[in-house]
Structures are given as structure tokens and as C-alpha cells.
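Here is what each chain is made of, one letter per residue.
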Amino acid sequence: MRIQKIISVIPVLVFCCCPLKAQTEPYVVGDENYTGILAFHRPDTLLVVVPHNYNITDQEKREIENYVFWDQYQKKPVYTYKKETELTRDDELRNIQFYGPFCDFRMAEIQNIPIKQVPGGFLFNGEQFTRPTDSFFYINDEATRLYTCRNSTQVFHQYANLAAGYFPLYIFRGMDLYLSGYCSDITNQPRVNYINKMRQSYFVSVPTNHFDFELAKSIYTDSLRDVIVENADHYLETLCAILKTDTTGLGRMTTYVYRNMSDLQKFLSMSPKMTIYGKSFGPVNHVSGLDMAVFNHELAHTVSGRKIGFQSNSFFCEGLAVYTGYMTGDNGYTADLDTTAAHLNLLTEEMIVGPDHRFYSIPLMYPISGVFTRFIIDRTGIETFKEIYAQTSIEDAFREKGFPLAELIAEFKSTLNAGSRPRVK
């Protein structure tokens, strides 16, 4: 699943954190109130600043603006964009989000945070991060500056995918979270969770032909290992067949299997208020306990992202993953079809293309998205659907292919209301 973005930020409950089993240092807990990130986004307008030599794309602007997942509590700001060379004295008084390669900024203000520039990357707590895939998220103490910076223009920043903000500091290495925590821009004293060190004592490795499984030691058994070895690679082949593709170019994929949801939340540095059973970051997946259905769902995200294209629309991103479960015989389609028929009012064009948090705030949208996606694939064919799915604006892509979403919704509802339900193949 992509992240369950809708969370009860306000009001909040106090979370008492117990150290992870086999962890050598206490876990630093985050801010349940999301104080910093909410304060930063409170002004009516925000200024996004990029390096002097950086040309930000429309797709990047959409990703920046779609990060806000709490606009049911607080009004979403309007975004403006400038290069650092275009800033005025008045701009310095505004809340600024710095975006792009950190080492390319020339502004003196960049030096005012605990993360420092080095050639080709950045430095934090005496450690250099100069890999092309390194990136970081940081909010200053006054919540007037947000840094969502990386080393390479070719790397997708993971901060929005993770719904960062529970902590004011995250450092990523590619698809993996490297550390999270706090570091004041006044005292420069860090209090952080080194996620990579936590993994070393928590997991045991189980490799297969295509996967590297990292299993929580507390749940590891020989029988569980056998289930993985016997099923994971086979399911990948089945999934590729469903999507009319193959395993070429997928490379090795990693799946972290946690003892429970609480441990998953801690390793991903996410709020314990978020209900999340699985999370996909490209070729890296995280699941709470080894439920093969959850593994299969997250793997569908990985394969569709790598073989079809990245789709930011939550409805169809989840819908396609649910659809692949139907096609592997998980026997969930009939029940989901009944659920969809009973809640047809939820299926609207606005729900499909609206903010992510609306989808994730309604659990019923999972079966509805799966059933409707299956209807569309049966209607258009998997190859046409894949072409649509690969486009940046899926709403425009449906229209350009001759299948406007409004017409598909009306046809689907008419079919169900007439009692002639989509057939089970």
C-alpha cells in the first residue's frame, strides 16, 4: 500500500515508546503533534527556492504540492517558485522550502543548519553523504525553513512518500531511510535513530532467486523460511504474467518483514497513529508480519512501478495492486464487488482524482478501487490500461484514449444498478 496518509494529527494521543527488541539504544520518538511541519505550512503562501542552475519541472511542482496530507485540518497554502538568484529582501521574511541538489545552492543562508555542504553532497554529524541517491528532509527550529534536498536531479525524493514530518530530520540513502530524529539549528546537538544500525541486530537474511528477505529474528522459523523460498519467486512470475510483462530488468528486490506494525512504524520513522500494514519504496518493500497477501500487494506496486511506470494517483495505484490479487485467486473479488455495489455513491470522479488523503481516509475505497480497476481493464484491455497508467495525468490519459473517467463511472454504475454485474473470469 502507498502510505495511509490520512491520520489523526489533531487531537493526538500520547504514545509511550518501548525500545525495539534486540535494539541496543532507546528509540527516539517523534512529535505526535506534527508541530514543525504544520507551522511551516500555516502561511497562506509558501516560497519554493531551487539552486541557480536548476529548472524545476511541472511534475516536481505537483509532487511538492501534493505532499500536504492534512488539509482537512489546516488550509493548504499556495506555492510560488523562484531560483535563488531571483530572491528579494522581502522573500527572506517568508517561509521557504529549499528543493533540489543541496550542494548547488550558493546562498549563505544554506550554512545555517546542522547539515553542511560538501562537494557532491552534504555532511551531517561528521558523516558525508555523497552518493547520488542520498537526500534529506529538515525543518529548522523556528519552522520557517524546510529543506527537501538531494544530491542528484535524477533521484526521486522519498519524503512525500513517507509522509515525513513526524521527525524534523530524515536522511535517505536511495529507497532506504538511513536516520531520523532531531538536531537543533541553534545547538547542533543531534538526537537520532540510526535505522541502519537498528536493522543489523533486528533482522536475519533469507535470499531467493529474485529477493532478499530481511526477517525479524523474533518471528524467524525454518518453516517461515520455507514458505518464502517456495512462494515468493513463483508469485513474481505469476504477477508478471498478469501484467503481460516479465522479470527482465527488475533486479534484486528487498522485503523487510517486521514483528508487528509498531516495529514497522519505528523503522520507517512514521507516526504510531498511522495504520499501515505494508509500504513500497520502489524495489524495497516493508510488511508487518509475513502475510503473503500483503507481500503480494506491495510487490504489485514494485513491479508496476518498474515495468509500467510510476503512478501518483492513489486510486489507480492501489486499484491495480488489488486487481492483481483478484487475478491470482485470492477469492476476494466477489466480496469486494458486493461492497462496491453497496457503496456506489463513493465512486466519483472527484474521489478518484482528488487529494490522496481522501482515498486513504475511507477503507472502503480499497475494494472499490480494485473492482472498478478490474472493470476498466476488462473494458479497455490490459495493454491500453498500462499505457494510461504510465502517464503523469491519468485523468487526461483516459480522455485521450477515448475513455473519459466520467463515462466509465456512469457505465460501471449502470451495469451494477441493472443487476448485470461484471463477470468473474
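(A) The arrangement of helix 7 (residues 314-327) in detail. Taking 1.5 Å as the rise per residue, helix 7 with 14 residues should run 20 Å; its terminal C-alpha atoms sit 20 Å apart, in good agreement. Burial within helix 7 is extensive, with 13 of its 14 residues counted as buried. A side-chain oxygen of the first residue of helix 7 lies 3.1 Å from the backbone nitrogen of Phe315; this N-cap is Asn313. Positive backbone phi, at 80°, marks Gly329, one or two positions downstream of helix 7.

(B) Spatial organisation of the nonpolar core. Phe213, Leu299, Phe315, Phe316, Phe372 and Phe398 are the most contacted members of the largest nonpolar core, which has 63 residues in total. Counting residues in each nonpolar core, the second largest holds 48 residues, with Tyr34, Tyr54, Tyr256 and Met270 among its members.

(C) Representation of the sheet that holds strand 9 (residues 169-173) within the structure. The strand order across the open sheet formed by eight strands is 2-1-3-8-7-9-10-11, and the pairing between neighbours is mixed. Edge positions in the open sheet fall to strand 2 (78-83) and strand 11 (190-194), since each of these has one partner strand only. In this sheet, adjacent strand axes meet at a mean angle of 15° when their direction is disregarded. Bridging between strand 7 (residues 134-139) and strand 9 involves five bridges; their strand directions are antiparallel. Residue pairing in the sheet places Phe137 in a bridge with Tyr170 of strand 9.

(D) Molecular detail of the sheet that holds strand 16 (residues 284-288). Spatially, 12-13-14-16-15 is the arrangement adopted by the five strands of the open sheet, whose pairing is mixed. In this open sheet, the two edge strands, each paired with only one partner strand, are strand 12 (203-207) and strand 15 (278-281). On average, each strand axis in the sheet is tilted by 15° relative to the strand beside it, whichever way the strands run. Looking at chain direction, strand 14 (residues 253-258) and strand 16 are connected through five bridges and run parallel. Each residue of the ladder has a partner; that of Tyr258, found in strand 16, is Ser288. Along the sheet, helix 4 (residues 222-242) makes contact with strand 12, strand 13 (211-216) and strand 14, crossing strand 13 at roughly 145°.

(E) The side chain of Asp233, seen in detail. Here Asp233 shows up in helix 4. One buried charged side chain, Asp233, makes no salt bridge at all; its nearest oppositely charged neighbour is Arg252, positioned 7.2 Å away. Here the side chain of Asp233 touches Asn209 through a polar contact of 3.0 Å, landing on its backbone nitrogen. A distance of 3.2 Å separates the side chain of Asp233 from the backbone nitrogen of His210, its partner in a polar contact.

(F) Broad picture of the pairing of strand 1 (residues 45-50). With five of six residues buried, strand 1 is to be regarded as a mostly interior element. One ladder, built from six bridges, connects strand 1 with strand 2; its direction is parallel. The partner of Thr45 across the bridge, within strand 2, is Val78. Note that strand 1 and strand 3 (residues 96-101) share three bridges and pair parallel. Within the sheet, the bridge partner assigned to Val48 lies in strand 3 and is Gln97.

(G) A look at the packing of helix 8 (residues 333-342) against helix 11 (residues 365-380). Contact geometry for helix 8 and helix 11: axes closest at 9 Å, N-to-C directions at 105°. Comparing their axes, helix 11 and helix 8 come out roughly perpendicular. Here Tyr333, Asp336, Leu337, Thr339 and Thr340 of helix 8 come into contact with helix 11, specifically with Pro367, Ile368, Val371 and Arg374. Residue composition of the contact of helix 8 with helix 11, by class: five nonpolar, two polar and two charged.

(H) Examining the confidence of the model for the chain more closely. Averaged over every residue, the pLDDT of the chain is 89; residues scoring 70 or more account for 92%. Low pLDDT, under 50, characterises residues 1-23; the predicted model gives this stretch 75 contacts beyond four residues in sequence or across chains.

(I) View of the packing of helix 11 against helix 12 (residues 382-389). Interaxial distance between helix 11 and helix 12 falls to 6 Å at its minimum, and their mutual angle equals 120°. It follows from the interaxial angle that helix 11 and helix 12 lie oblique. From helix 11, Thr373, Ile376, Ile377 and Thr380 reach across to helix 12, where they touch Ile382, Thr384 and Phe385. Here the contact of helix 11 with helix 12 is composed, by residue class, of four nonpolar, three polar and no charged.

(J) Quick peek at the pattern of salt bridges. Inspection of the entire model under this criterion finds 15 salt bridges. In this structure, the salt-bridge partner of Arg173 is Asp134, at a minimum N-O distance of 3.0 Å. Here the residue Arg173 occupies a position in strand 9, and Asp134 occupies one in strand 7, the gap between them amounting to 39 residues. On the basis of relative accessible area, Arg173 is assigned to the buried category, the value being 18%. By relative accessible area, which is 0% here, Asp134 ends up buried. Taking the shortest distance from any N to any O, the salt bridge between Lys307 and Asp246 comes out at 3.2 Å. With Lys307 in helix 6 (residues 292-307) and Asp246 in the loop between helix 4 and strand 14, this pair connects stretches of sequence that are 61 residues apart. With a relative accessible area of 26%, Lys307 lands in the partly exposed category.

What counts, and where the lines are drawn
Residues numbered from 1 in each chain as written. Predicted model: local features only at pLDDT ≥ 70, side-chain atom pairs only at ≥ 80, totals over all residues. Heavy atoms only, no water. Helix = DSSP H or I, 4+ residues; strand = E, 2+ residues; numbered from the N terminus. Expected span 1.5 Å × (residues − 1). Buried < 20%, exposed > 50% of the residue type's maximum accessible area, 1.4 Å probe, protein only. Polar contact = N/O pair within 3.5 Å; in protein donor to acceptor, adjacent residues only side chain to side chain. Core = buried A, V, L, I, M, F, W, Y, C linked by side-chain atoms within 4.5 Å. Pairing = 2+ DSSP bridges. Axes fitted to C-alpha atoms, helices over the stretch in contact; angles between N-to-C directions. Contact = heavy atoms within 4.5 Å. Lys, Arg positive; Asp, Glu negative; His and termini not counted. Salt bridge = Lys/Arg side-chain N within 4 Å of Asp/Glu carboxyl O. Parallel < 35°, antiparallel > 145°, perpendicular 65-115°, else oblique. Nonpolar A, V, L, I, M, F, W, Y, C, P; charged D, E, K, R; others polar. pLDDT = per-residue confidence, 0-100.

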